[in-house]
Amino acid sequence: SAAGNGDGQRAVVEWDVASGRNITWKTPIPGLAVSSPIVWGNRVFATTAISKAGDNSFRTGLYGDVKPVDDLSPHEWKIYCLDKATGKVLWERVAVSGAPKTKRHTKSSQASSTPVTDGRRVIAVFGSAGVMVAWDYSGKELWRVNLGTLDSGWFFDSAFQWGHSSSPIVYRNSVILQVDVQKGSYVGAWDVATGKRLWRTERADEISTWATPTVARAADGRDVLVTNGTKVRGYDPATGTQMWTLGPNSEITIGSPVAL
């Protein structure tokens, strides 16, 4: 339910990579990514962005510097499929090559959206490349959608580009993406099998945000697509019709809503 809970998983609480303690396998992935790997059955999927300039700088901690990383060198945006038991790379694919359309935040990457799967297809969004791509489990590309330039950044000064990070979600026969950018924000749905657009709802008054939407079950039994932003909004996930709003909210919205 996108709540970050793994019921009954007995998570390991102690490990050491150097000694191998409680480490089953370790597989190097080139580049820099803050997207999460996902697991379905015996497959693990991970995305990354590889800078030709080799700039993998990443600044943690608390600081007030909002200046983005100035690396617009050619990149390769890739997806990897690994065997869950061994970490062996089963296949890797280049989604797109070229210069990023936007800069990135110092705490982010050019591969920040987590991929999603329905057990038959895996879909990845590469915001700074402006594409959403679907592959089957053998690595065959099924479709791609041109999303254009997804320019998310500081609302106070558009020169400070921080990059897109909202991840796609699968709802029934659709893949849904929240696209909150400097200008022209929207939420949209595409057919998960073909990539054909099913609906698009404009969010004209929304500034850049970085949260991933979730689908919740309302008290009346209806499904509601919940998005975070300067207002929390509820949509019909089948049609994109806005149902309600709740606000005001933060001007820099990162946290994804969770339904309990």
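Residues numbered from 1 in each chain as written. Predicted model: local features only at pLDDT ≥ 70, side-chain atom pairs only at ≥ 80, totals over all residues. Heavy atoms only, no water.

> Would you mind showing me how to read the sheet that holds strand β16 (residues 242-246) here?
Whether parallel or antiparallel, the strands of a sheet pair through hydrogen bonds between backbone atoms. Strand order in this open sheet of four strands is β13-β14-β15-β16, and the pairing throughout is antiparallel. Since the sheet does not close on itself, it has two edges, and those belong to β13 (214-217) and β16, each with one partner. Strand-to-strand, the axes of this sheet are offset by a mean angle of 30°, without reference to chain direction. As defined by bridge partners, strand β15 (residues 232-235) adjoins β16 across four bridges and the pair is classed as antiparallel. What sits directly across from Arg233, in β16, is Thr245. (Pairing = 2+ DSSP bridges. Helix = DSSP H or I, 4+ residues; strand = E, 2+ residues; numbered from the N terminus. Axes fitted to C-alpha atoms, helices over the stretch in contact; angles between N-to-C directions.)

> In this structure, what is going on with the layout of surface pockets? I would like to understand it.
Leftover empty space is mapped by rolling, across the atoms, a probe with the size of a water molecule. Within this model, the largest pocket holds a volume of roughly 1,100 Å³. Along the wall of the largest pocket there are 39 residues; nearest its centre are Ser165, Ser167, Trp210, Thr212 and Ile254. Elements represented by at least two residues in the lining of the largest pocket include exactly β1 (38-40), β5 (116-117), β9 (169-171) and β13. Split by residue class, the lining of the largest pocket holds 23 nonpolar, 14 polar and two charged. Estimated volume of the second largest pocket: approximately 460 Å³. When residues in the lining of the second largest pocket are grouped by element, the largest group, four residues, is from strand β2 (residues 43-51). (1 Å grid on protein atoms, 1.4 Å probe; cavity = no way out; pocket = protein on both sides within 12 Å on 5 of 7 lines; lining within 4 Å. Points joined across faces, edges and corners; volume = space filled by probe spheres on them. Nonpolar A, V, L, I, M, F, W, Y, C, P; charged D, E, K, R; others polar.)

> So what exactly am I meant to see when it comes to the pairing of strand β8 (residues 141-146) here?
In summary, the side chains of a regular strand alternate between the two faces of the sheet. Judged from the five bridges that link them, strand β7 (residues 131-136) and β8 form a sheet pairing that is antiparallel. Bridge assignment links Met132 to a residue of β8, and that residue is Val145. Connecting β7 to the next strand, β8, in antiparallel fashion are four residues, including Gly139 with a positive phi near 95°.

> I keep staring at the side chain of Asp83 and nothing clicks. Help me out?
With respect to the helices and strands, the residue Asp83 is situated in strand β3 (residues 75-83). The side chain of Asp83 sits in the buried core without any salt bridge; Arg43 is the nearest counter-charge, 6.3 Å away. Here Thr86 takes part through its backbone nitrogen, which lies 3.0 Å from a polar atom of the side chain of Asp83. The contacts of Asp83, once residues within four sequence positions are left out, are Trp25, Asn42, Lys88 and Leu90. (Buried < 20%, exposed > 50% of the residue type's maximum accessible area, 1.4 Å probe, protein only. Lys, Arg positive; Asp, Glu negative; His and termini not counted. Salt bridge = Lys/Arg side-chain N within 4 Å of Asp/Glu carboxyl O. Polar contact = N/O pair within 3.5 Å; in protein donor to acceptor, adjacent residues only side chain to side chain. Contact = heavy atoms within 4.5 Å.)

> Would you mind going over the pattern of salt bridges with me for this structure?
Between side chains of opposite charge, a pair can form when the charged atoms approach closely. Applying the stated criterion across every chain, the model contains 16 salt bridges. Across the salt bridge formed by Arg200 and Glu202, the nearest N and O atoms sit 2.8 Å from each other. Looking at Glu202, the relative accessible area reads 46%, which means it is partly exposed. The shortest N-O distance in the salt bridge between Glu206 and Arg203 comes to 3.7 Å. Taken together, the shared-partner salt bridges in this structure form one network comprising Asp180, Arg203, Asp205, Glu206, Lys231 and Arg233.

> Could you clarify how one ought to interpret the sheet that holds strand β6 (residues 121-126) in this entry?
The strand order across the open sheet built from four strands is β5-β6-β7-β8, with neighbouring strands paired in antiparallel fashion. The open sheet terminates on both sides in strands that have one partner only, identified here as β5 and β8.

> Even after reading the chapter, I still don't get the packing of aromatic side chains, so can you show me in this structure?
Centre distance and the angle of the planes are the two values used to describe a pair of aromatic rings. Overall, the coordinates contain six aromatic pairs when judged by the stated rule. With a centroid separation of 5.3 Å and 40° between ring planes, the pair formed by Trp154 and Phe156 is classed as tilted. Look at Trp154 and you get partly exposed, because its relative accessible area is 23%. Accessibility expressed as a relative area gives 64% for Phe156, which makes it exposed. Ring centres of Trp154 and Phe160 lie 5.4 Å apart, and the angle between their planes is 75°; this geometry places the pair in the edge-to-face category. Overall, Phe160 belongs to the partly exposed group, its relative accessible area being 21%. Through successive ring pairs, a cluster of aromatic residues spans Trp154, Phe156, Phe160, Trp162 and Trp210. Directly above the ring of Tyr63 sits Arg59, whose terminal nitrogen or CZ lies 4.0 Å from the centroid. Positioned above the aromatic ring of Tyr63 is the side chain of Lys107, whose terminal nitrogen or guanidinium carbon lies 4.8 Å from the ring centre. (Phe/Tyr/Trp six-rings, centres within 6.5 Å; stacked < 30°, edge-to-face > 60°. Lys NZ or Arg CZ within 6 Å of the ring centre and 35° of its normal.)

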